[in-house]
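Observations on the model geometry
Now for the letters of each chain:
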Amino acid sequence: MVRRDNDVFRSEPARQCLSTLKAANVRFTPLPNQSFSGGCQTIDTVKLMSFGTEATNLGAMTCPLAANFTAWAKHAVAPAAKAFLGSEVVRIETMGTYNCRNINGGRSGRLSQHAFGNAVDVSAFILKDGRRISVLSGWNGKPDERAFLRRLHQSACKRFGTVLGPDYNAAHANHLHFDMAQKQFDAVAKQLNLDPGVAEILRWPMREFSFRIPVRMDDGSLKVFQGFRVQHNDARGPNKGG
């Protein structure tokens, strides 16, 4: 593990994100930037302390993820609970945020957004009246629970870049997965004024290659940098389109 304390939240977007959290009365602690083996890293992440609703298992989260998660809890979860369940959510249960692993826990393939603290998995909601509404039992459960969970899934699509649930595959039968990856891509595409058709092609690459390069720094220390090559299609040949 390599700890990098001196470059935390130095960019303007990162500082603006912290201001957004403060303006929303969210209590949080900025965390040091860290790089781990396997290409995993946590850059400009925070630890949420309090935002009006208790939440379990929250570790390092990128600031945009934290900002959207807390806003979702306030503006989507709270009103949906009252509308569909007639009660108040007092605790959101999650399966965590940062986890250095590949997508679906596979031995090979792309790193999950969890490997960057850029994803959170929500598994259940505890109500003030004592009820526990879990994704596993409620997604196809009672009508009011089904409506509640589907409203949260729908509202999450407006805030997060990727939203996955039980209808996606069996691996998500017991939780809702939220991450910011596609949201970040969409923001860059907008800044570049990309043609919508081109943006849609770039949004879903055919494959992604990841590699790490050790570099001896001027001060004698050794740092490992991760690189990527993304191939969007092979229309021009097997090694083109990247």
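Data block above holds the structure.
Quick look at the structure, then.

Section: the overall build of the protein
- From N to C terminus, the protein includes 6 helices and 14 strands.
- Sequence-distant contacts in the protein: of pairs separated by 6 or more residues, those separated by 24 or more amount to 51%.
- Summing over all exposed atoms, the protein offers an accessible surface of approximately 13,700 Å²; the carbon and sulfur share of this is 51%.

Things to note about the packing of aromatic side chains
- According to the stated counting rule, one finds 8 aromatic pairs in the structure shown.
- Pairing W72 with F125 gives two aromatic rings, centres 6.3 Å apart and planes at 55 degrees, and the pair type is tilted. Taken together, the positions of W72 in helix α2 (residues 63-85) and F125 in strand β9 (residues 119-127) put the pair 53 residues apart, joining distant regions of the chain. One exposure class covers both W72 and F125, and it is buried.
- With a centroid separation of 4.9 Å and 75 degrees between ring planes, the pair formed by W72 and F178 is classed as edge-to-face.

Focus on the pairing of β9
- Of all 9 residues in β9, 9 are buried; the element is thus mostly enclosed.
- One ladder, built from 6 bridges, connects strand β8 (residues 89-96) with β9; its direction is antiparallel. Considered in β9, the bridge of T94 is made with V122.
- With 4 bridges connecting them, β9 and strand β12 (residues 176-179) associate as antiparallel partners. Opposite V122, over in β12, you have L176 as the bridge partner.
- Bridge analysis of β9 against strand β10 (residues 132-134) gives 3 bridges, and the strand direction is antiparallel. Pairing of A124 across the sheet is with S134, part of β10.
- Linking two consecutive strands that pair antiparallel, namely β9 and β10, is a turn of 4 residues; a positive phi of about 100 degrees is found at G130 within it.

Overview of the state of the cysteines
- According to the stated counting rule, one finds 2 disulfides in the structure shown.
- Residue pairing for C17: its cysteine sulfur links by disulfide to C63, the two sulfurs lying 2.2 Å apart. For the disulfide bridge between C17 and C63, the dihedral angle about the S-S bond is near -100 degrees, and by the sign convention the bridge is left-handed. Pair noted here: C17 is in helix α1 (residues 12-23) and C63 is in helix α2, with a separation of 46 residues, a long-range link.
- Residue classification places C17 among the buried residues on the basis of a relative accessible area of 9%.
- Taking relative accessible area as the criterion, C63 reaches 1% and is therefore assigned buried.

Brief notes about the sheet that holds strand β7 (residues 61-62)
- Taking strand neighbours across the sheet as the criterion, the 3 strands line up as β2-β5-β7 in an open arrangement whose pairing is antiparallel. In this open sheet, the two edge strands, each paired with only one partner strand, are β2 (27-30) and β7.
- Pairing of β2 with strand β5 (residues 45-50), which is carried by 4 bridges, proceeds in the antiparallel orientation. Bridge assignment links R27 to a residue of β5, and that residue is S50.

Description of the nonpolar core
- Judged by nonpolar contacts, the single largest core of 42 residues is most densely connected at L48, F69, W72, F125, F148, F160 and F178.
- Looking at which element gives the most residues to this core, the answer is α2, with 12 residues.
- The contacts of F178, once residues within four sequence positions are left out, are L65, W72, N118, A119, V120, V122, A156, F160, T162 and V163.

Criteria and thresholds
Residues numbered from 1 in each chain as written. Predicted model: local features only at pLDDT ≥ 70, side-chain atom pairs only at ≥ 80, totals over all residues. Heavy atoms only, no water. Helix = DSSP H or I, 4+ residues; strand = E, 2+ residues; numbered from the N terminus. Contact = heavy atoms within 4.5 Å. Areas by Shrake-Rupley, 256 points an atom, 1.4 Å probe, with all protein chains shown as cover. Phe/Tyr/Trp six-rings, centres within 6.5 Å; stacked < 30°, edge-to-face > 60°. Buried < 20%, exposed > 50% of the residue type's maximum accessible area, 1.4 Å probe, protein only. Pairing = 2+ DSSP bridges. Disulfide = S-S within 2.5 Å. Core = buried A, V, L, I, M, F, W, Y, C linked by side-chain atoms within 4.5 Å.

Distances and angles like these do not, on their own, reveal function.
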